[in-house]
Structures are given as C-alpha cells and as structure tokens.
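# Observations on the three-dimensional arrangement
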Amino acid sequence: MRIATWNVNSVTARLPRLLSWLSSAEPDVVCLQELKCDEAAFPSREVGELGYDVACNGGGRWNGVAVLSRVGLGDITTGLADEPGFEGETQRRAIGVTCAGVRLWSVYVPNGREVGHPHYTYKLRWLEALHATVLAERDPGRPFAVLGDFNIAPTDDDVWDITAFAGSTHVTDPERKALTMLAEAGLTDLVPRALKYERPYTYWDYRQLAFPKNRGMRIDLVYANAAFADAVTDAYVDREARKGKGASDHAPVVVDLDISAR
DNA sequence: ATGACGATCCTCGATCGA
C-alpha cells in the first residue's frame, strides 16, 4: 500500500501535474493540502478517471484539504473536534478518512505568520485540537497516521540554515512542543529518505533559487502509530515533482507499507 | 540542469504563504 501527502498549492493550478504524478507514482491514497478551491470546483471527475474516490474539505480562496483513495474511502470526518477558528471563522484544514482499514488525517496546520501574531496563537491552539483528536482516536490495533503540511520543522537539521530562522515561526519551542505531544500520544515522525543531498526537505521557496541551491525545509510530515510505522517498508521525498515550471513549492512525501487490505 | 515567486479574486494590487 502506497500512501502520500502533498501540499499542491492550488489543486486546480496543479491539476496537470497532479494527474501525471498519480499516473507515474501510482499511490493508493494521497493526502492533499492547500487546495485553494471550493469543494464544488474540486476536479473529482479527472481524478476519478484514474480510479480515485475523493473526500474533500475545501472552501474559498485559501487552505483546503482532501484525500484521494483507490482502495476505498469511509468514515469521513470533516474538521477536528472543537477546532479553533481564526478571526471568528473555522478554516478548512483537516479531514479524517479510513482507507482499507487505515485511519488517516490530511492536515494543513496554520502558518502562524510571525511569533506573537494572533495567527501564531491560533496555530498553537489548532495543534492542541489536533492532539485531542489523536488521543480520541487512539487505537493500538489499527494503523493510524496524521499526514500533511505541519508548518513546523521538527529539528534544526530540518531547515537549510537554522541561523536564517532566528526569531521565525516554524522552529520555535512551543511549535516543536506540539510535535512532542503527538509523540507522547504514541505517534512517530516517519522521516523519509532524500533522493538527493543529505536532508529530506519537502518545501523550497519559489524565490531566490531556493530549490537548485537546496535551501529547503522539512515541514511536510507523517506522524504514525506503531501499527502503521511497523508496516513501513520505505519512505521518500519525490523531489522530481518540485522541478521545472508549474511545480508546487512542496514535494510529495511517499510512504510504502506492507499492509493487506481488510 | 533544478534557474532568480506564485495563486487567488472582492482582479492589474493586495493578501497569503514560510
């Protein structure tokens, strides 16, 4: 079973890329983030022609998450329980599904903007709600994972130069503490292989030649319970998908598991 | 070669991203 997560930075702008990637990588399940489109505008027909069902939580100009599956899709949960909002509105940042007996969440954690900004407070509160969801769904007997754009680099080695991030979001102790809480809830950070260079970055800014210079960050993460992690046979960042014109600024993270469908 | 930001709409400038 092949499961991937990919922040596509607009599913409609990325549709040709997404379809060709689905055809070549042949994932069974894909968690998507930053759809930037309404549910009604999601290209369900196009991905359906490749055999995928869709569960989508999207709306408006920003955010939006979905899961594509060609091995079944059930128990769809839109949003976290008691999910905090920003400026009075709940945003489209989480969707939970069950695919072939594997429980998955596709998440797009708030960016935070600046340390001390209301959006940063929102980010930390949102992560508390995610933690609560993980605790509520804890079941050692069932493979479980939270996949998505966490907007947090777990360690200093997960950014190209930690000194360039002094005072920035994504690397602060409170953000990393939220990841520690997920670990204490029984989840493991599945670190993928990098297919080039040493560090498995998943995001490179569009600006200033960040990608060719490999000035990246590992912020797209897979947090999995033991039943999931123990079944993993391989995990890698598909940096090929970041190349060239028309790419997302994130690359897909691909995880292979030896789990038979139930 | 992987090449100097891109997507969106309340659209040609402001907002967001990280």
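Residues numbered from 1 in each chain as written. Chains lettered and ligands numbered in written order. Predicted model: local features only at pLDDT ≥ 70, side-chain atom pairs only at ≥ 80, totals over all residues. Heavy atoms only, no water.

An unreviewed UniProt entry lists chain A under the name Exodeoxyribonuclease III, from Saccharomonospora marina XMU15. Under Sequence similarities (unreviewed entry), UniProt gives the following word-for-word description of chain A: "Belongs to the DNA repair enzymes AP/ExoA family." (UniProt positions renumbered as here; feature names shortened; annotations may be inferred.)

## Concerning the packing of helix α3 (residues 118-136) against helix α4 (residues 173-184)
In a packed pair of helices, the relevant descriptors are the angle between the two axes and the axis-to-axis distance. Packing of α3 against α4 leaves a shortest axis separation of 10 Å and a crossing angle of 5°. What the angle tells us is that α3 and α4 run roughly parallel. For the pair α3 and α4, the contacting residues are Tyr120, Lys123, Leu124, Leu127, Leu130, His131 and Val134 in the first and Pro174, Glu175, Ala178, Met181 and Leu182 in the second. The residue inventory of the contact of α3 with α4, partitioned by class, reads nine nonpolar, one polar and two charged. (Axes fitted to C-alpha atoms, helices over the stretch in contact; angles between N-to-C directions. Helix = DSSP H or I, 4+ residues; strand = E, 2+ residues; numbered from the N terminus. Parallel < 35°, antiparallel > 145°, perpendicular 65-115°, else oblique. Contact = heavy atoms within 4.5 Å. Nonpolar A, V, L, I, M, F, W, Y, C, P; charged D, E, K, R; others polar.)

## With respect to the side chain of Asn63
Within the element layout of this structure, Asn63 appears in the loop between β3 (53-57) and β4 (65-69). In this structure Asn63 comes out as buried when scored by relative accessible area, which is 10%. There is a polar contact of 3.1 Å between the side chain of Asn63 and the side chain of Arg93. Contacts of Asn63, omitting those with residues within four sequence positions, involve Glu34, Leu35, Lys36, Gln91, Arg92, Arg93 and Tyr108. (Buried < 20%, exposed > 50% of the residue type's maximum accessible area, 1.4 Å probe, protein only. Polar contact = N/O pair within 3.5 Å; in protein donor to acceptor, adjacent residues only side chain to side chain.)

## A word on the protein's contact with DNA strand B
Near DNA strand B lie 29 residues; those nearest to it are Arg61, Asn111, His170, Lys196 and Pro212. Between Thr12 and DNA strand B, the recorded distance is 3.1 Å, taken from a side-chain N or O atom to a phosphate oxygen. At 3.4 Å, a backbone N or O of Gly244 approaches a phosphate oxygen of DNA strand B. (Near = heavy atom within 4 Å.)

## Structural notes on the packing of aromatic side chains
Evaluation of the coordinates by the stated rule reveals four aromatic pairs. Relative to Phe211, the ring of Trp204 has its centre 4.9 Å away and its plane inclined at 80°; by these criteria the two rings are edge-to-face. Note on Trp204: relative accessible area 2%, which makes it buried. (Phe/Tyr/Trp six-rings, centres within 6.5 Å; stacked < 30°, edge-to-face > 60°.)

## Comments concerning the UniProt feature "binding site: Mg(2+)" (unreviewed entry) in chain A
Feature annotation in UniProt places "binding site: Mg(2+)" (unreviewed entry) on Asn7, Glu34, Asp149, Asn151, Asp249 and His250, given in this structure's numbering. In summary, the annotated positions, though distributed over 244 residues, converge in three dimensions, the widest C-alpha pair being only 13.1 Å. Within the element layout of this structure, Asn7 appears in strand β1 (residues 2-7). Residue Asn7 is classed as buried on the basis of its relative accessible area of 0%.

## A closer look at the pairing of strand β6 (residues 94-99)
Among the six residues of β6, six are classified as buried, and the element is accordingly described as predominantly covered. As paired strands, strand β5 (residues 74-78) and β6 are joined by three bridges and run antiparallel to one another. Note on β6: the bridge partner recorded for Thr78 is Ile95. Of the pairings in the sheet, the one linking β6 to strand β7 (residues 102-108) comprises six bridges and is antiparallel in character. The residue bridging Cys99 from the neighbouring strand is Val102, located in β7. Following β6, the chain reverses through two residues before pairing antiparallel with β7; Ala100 in that reversal takes a positive phi of roughly 50°. (Pairing = 2+ DSSP bridges.)

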